[in-house]
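Listed here are the chains, written in short residue letters.
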Amino acid sequence: MSAGRAAVVCGLGTWLPPRVVTNDDLSQVLDTSDEWIRSRTGIGQRHVADPTMATSDLAVEAGGRAMKSAEVDSVDAVVLATTTPDRPCPATAPLVASRLGLGTVAAFDVVAVCTGFLYGLATGAGMIATGGAERVLVIGADTFSTILDPHDRSTRAIFGDGAGAVVLRAGQPDEDGALGAFDLGSDGTGSELIVIPSGGSRDPRRDPDRPAEGDADPYFRMAGKSVFRNAVERMTASARKTMTDVGWSTPPDVLVAHQANLRILHAVADRVGIARDACAVNLDRVGNTAAASIPLALADATLSGLLRPGHRLLMTAFGGGLAWGSCTMRWPAVTPG
Ligand code: COA
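The rules behind these values
Residues numbered from 1 in each chain as written. Predicted model: local features only at pLDDT ≥ 70, side-chain atom pairs only at ≥ 80, totals over all residues. Heavy atoms only, no water. UniProt positions renumbered as here; feature names shortened; annotations may be inferred. Axes fitted to C-alpha atoms, helices over the stretch in contact; angles between N-to-C directions. Helix = DSSP H or I, 4+ residues; strand = E, 2+ residues; numbered from the N terminus. Left-handed = near helix turned anticlockwise from the far one by under 90°. Contact = heavy atoms within 4.5 Å. Nonpolar A, V, L, I, M, F, W, Y, C, P; charged D, E, K, R; others polar. Expected span 1.5 Å × (residues − 1). Buried < 20%, exposed > 50% of the residue type's maximum accessible area, 1.4 Å probe, protein only. Near = heavy atom within 4 Å. Polar contact = N/O pair within 3.5 Å; in protein donor to acceptor, adjacent residues only side chain to side chain. Areas by Shrake-Rupley, 256 points an atom, 1.4 Å probe, with all protein chains shown as cover. 1 Å grid on protein atoms, 1.4 Å probe; cavity = no way out; pocket = protein on both sides within 12 Å on 5 of 7 lines; lining within 4 Å. Sits in = over half its atoms within 2 Å of the grid points. Domains from an automatic or database assignment. Pairing = 2+ DSSP bridges. Core = buried A, V, L, I, M, F, W, Y, C linked by side-chain atoms within 4.5 Å.

As annotated in an unreviewed UniProt entry, the protein chain is Beta-ketoacyl-[acyl-carrier-protein] synthase III from Wenjunlia vitaminophila. The annotation that UniProt attaches to the protein chain under Sequence similarities (unreviewed entry) is "Belongs to the thiolase-like superfamily. FabH family." In its Catalytic activity (unreviewed entry) section, UniProt records this for the protein chain: "malonyl-[ACP] + acetyl-CoA + H(+) = 3-oxobutanoyl-[ACP] + CO2 + CoA".

Written out as structure tokens, the structure is:
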């Protein structure tokens with residue numbers, strides 16, 4: 001980022017669909033139990049969108065709240081991180097922008113699965129740094145309930161729906177809220193570990209009941225154990241690198257990590273040397289909300305008082321791609337909407 005100009009977080013908004021599905025609810029329809037899900041993941045419940053809702057509906061709610069929190073009624077661009085766009089084509093962001101009354105601003109989607117929000121932040125920060133925008137709305141929104149196999153207990157136990165957003169504005173690098181160091185990475189050799197096998201150009205078949213050759217599989221699949229190991233290793237390495245790059249010799253005040261699994265969160269915190277009680281945790285109430293995970297956790301940590309203005313904050317995420325990322329900042333005085 002050029003000296004003297006930084007992207008600064010100045011608003012935060014979130015939205016969760018009202019319907020809550022508890023572990024006990026899941027155990028009515030799947031061979032699972034509250035005890036299994038809580039002890040293996042830390043998750044107690046998740047929010048699930050009604051069938052009439054699409055990702056844009058969640059994104060509009062969170063985006064509108066972020067703009068209200070920032071006290072702005074216009075932005076120059078909308079970046080929407082999502083793996084569950086309303087339709088495969090076109091991108092969902094232009095629809096979100098127009099529904100928010102933002103006119104003909106630049107609007108596009110970013111797909112980096114559970115790291116999407118951090119990739120979106122980096123994209124928005126880049127637009128501001130190069131002078132292409134003064135204000136950018138970055139939204140992370142996903143409705144994973146629409147891509148899960150209803151019979152797959154290992155994914156249905158984990159994922160929930162939700163949306164979160166921030167407004168970035170041009171400012172100074174030494175302000176609270178200025179985005180600091182970024183580390184972004186990927187490893188496509190692990191692309192099969194988190195995957196929707198069918199429905200893309202590699203395997204366009206969409207109807208699992210009418211297989212052309214073999215079985216089409218339109219559902220989200222995850223190799224849980226490998227993903228677990230990779231998540232711990234990648235987030236730990238990325239978090240350490242970011243702290244070194246920004247020159248922090250002591251642990252951050254607060255860690256907001258992607259809310260995948262409480263055991264993953266604690267493993268990363270232990271390795272990076274961050275106290276477990278300095279970690280934001282809301283997965284017990286919302287599960288893994290993919291691209292919405294980081295902004296939902298930021299809002300939760302702010303409202304609970306864990307994350308306060310001036311705190312040194314480290315954000316880190318990992319997900320399908322494989323893709324991961326981290327970012328540092330000093331938390332600003334924002335009131336989540
Ligand atoms: N309820 C009950 N049993 C379940 C279950 C559930 N919800 N989900 C999986 N199991 C079963 C499996 O079927 C398996 O049974 P088997 O031994 O009879 O085959 C058994 O539990 C062990 O499965 P395994 O996958 O080895 O369990 P695990 O301890 O690794 O936990 C996850 C499974 C999914 C919770 C864990 O791997 C995980 O959290 N991985 C990371 C997932 C993640 O965070 N993804 C998002 C990253 S962005």
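Participant: What is the right way to read the packing of helix α7 (residues 224–246) against helix α8 (residues 262–272) from this model?
Facilitator: The geometry of a pair of packed helices is captured by two quantities: the angle between their axes and the separation between those axes. Contact geometry of α7 with α8 gives a least axis separation of 9 Å together with a crossing angle of 35°. Crossing hand, α7 versus α8: right-handed. Together, Phe228, Ala231, Val232, Met235, Thr236, Ala239, Arg240 and Met243 of α7 and Arg263, Ile264, Ala267, Val268, Arg271 and Val272 of α8 make up the contact between the two elements. Taken together, the residues of the contact of α7 with α8 sort by class into 10 nonpolar, one polar and three charged.

Participant: What should I look at first to understand α7 in this one?
Facilitator: In an α-helix there are 3.6 residues to a turn, and that puts residues three or four apart on one side. Helix length check: α7 (23 residues) gives 32 Å between terminal C-alpha atoms against 33 Å at 1.5 Å per residue, within 8%. For α7, the complete set of buried residues consists of Val227, Asn230, Ala231, Val232, Met235, Thr236, Ser238, Ala239, Thr242 and Met243. Immediately downstream of α7, the backbone of glycine 247 shows phi near 85°, a positive value.

Participant: Can you walk me through the site of the ligand in this structure?
Facilitator: Neighbouring the ligand are 23 residues, the closest being Thr32, Arg40, Arg153, Lys225 and Asn261. Separating a nitrogen atom of the ligand from a side-chain N or O atom of threonine 32 is a distance of 2.6 Å. Note that an oxygen atom of the ligand is positioned 2.6 Å from one of the side-chain N or O atoms of arginine 40. Starting from 940 Å² of accessible surface for the ligand in isolation, the protein chains cover 74%. For the ligand, the cavity whose grid points lie within 2 Å of the majority of its atoms is the second largest pocket. Counting residues per element, the ones that place at least two in the shell around the ligand are α2 (34–41), α6 (153–156), α7, α8 and β12 (312–319). When residues of the shell around the ligand are assigned to their parent elements, the largest contribution, four residues, is made by α7. In the shell around the ligand, the residues fall into 10 nonpolar, eight polar and five charged. When residues of the shell around the ligand are sorted by domain, at least three fall in each of domain 1 (6–171) and domain 2 (179–189 + 221–330).

Participant: Help me understand unusual backbone geometry in this model?
Facilitator: For residues besides glycine, phi is generally negative; the peptide bonds are generally trans as well. Cis geometry marks the peptide bond from cysteine 89 to proline 90, where omega comes out at 5°. Looking at the secondary structure, you find proline 90 in the loop between β4 (77–81) and α4 (93–99). We note that valine 113 has phi near 45°; this positive angle belongs to a residue other than glycine. Residue position: valine 113 is located in the loop between β5 (106–110) and α5 (116–129). Look at alanine 290: it is not a glycine, yet its phi comes out positive at around 55°. Structurally, alanine 290 is set in the loop between α9 (283–286) and α10 (293–304).

Participant: What should I look at first to understand the UniProt feature "domain: Beta-ketoacyl-[acyl-carrier-protein] synthase III N-terminal" (unreviewed entry) in the protein chain in this one?
Facilitator: Here, UniProt's "domain: Beta-ketoacyl-[acyl-carrier-protein] synthase III N-terminal" (unreviewed entry) annotation points to residues 108–188. Annotation note: span residues 108–188, helix share 22%, strand share 36%, distance between end C-alpha atoms 23 Å.

Participant: Would you take a moment to explain the sheet that holds strand β11 (residues 254–257) for this structure?
Facilitator: In a beta sheet, neighbouring strands are held together by backbone hydrogen bonds and run either parallel or antiparallel to one another. Spatially, four strands are ordered β8-β13-β12-β11 in an open sheet, and the strand pairing comes out mixed. Each edge of the sheet is formed by a strand with only one pairing partner; in this case those strands are β8 (179–186) and β11. On average, each strand axis in the sheet is inclined to that of its neighbour by 15°, with strand direction left out of account. For β8 and strand β13 (residues 323–330), the ladder comprises six bridges, and the chain directions are antiparallel.

Participant: What's the story with the UniProt feature "domain: Beta-ketoacyl-[acyl-carrier-protein] synthase III C-terminal" (unreviewed entry) in the protein chain in this structure? I'm lost.
Facilitator: UniProt's feature table lists "domain: Beta-ketoacyl-[acyl-carrier-protein] synthase III C-terminal" (unreviewed entry) at residues 253–331, given in the numbering used throughout. The span residues 253–331 is 34% helical and 25% strand by assignment, and the distance between its end C-alpha atoms comes to 10 Å.

Participant: Got a minute to help me understand the nonpolar core in this structure?
Facilitator: Core analysis: the biggest nonpolar cluster contains 41 residues, and Phe144, Phe220, Leu255, Ile264, Ile274, Leu314 and Phe318 have the highest contact counts within it. The set of elements that each furnish at least two residues to this core consists of α7, β11, α8 and β12. Setting aside residues up to four positions removed in sequence, leucine 255 forms contacts with Ala269, Ile274, Ala278, Cys279, Ala280, Leu314 and Thr316.

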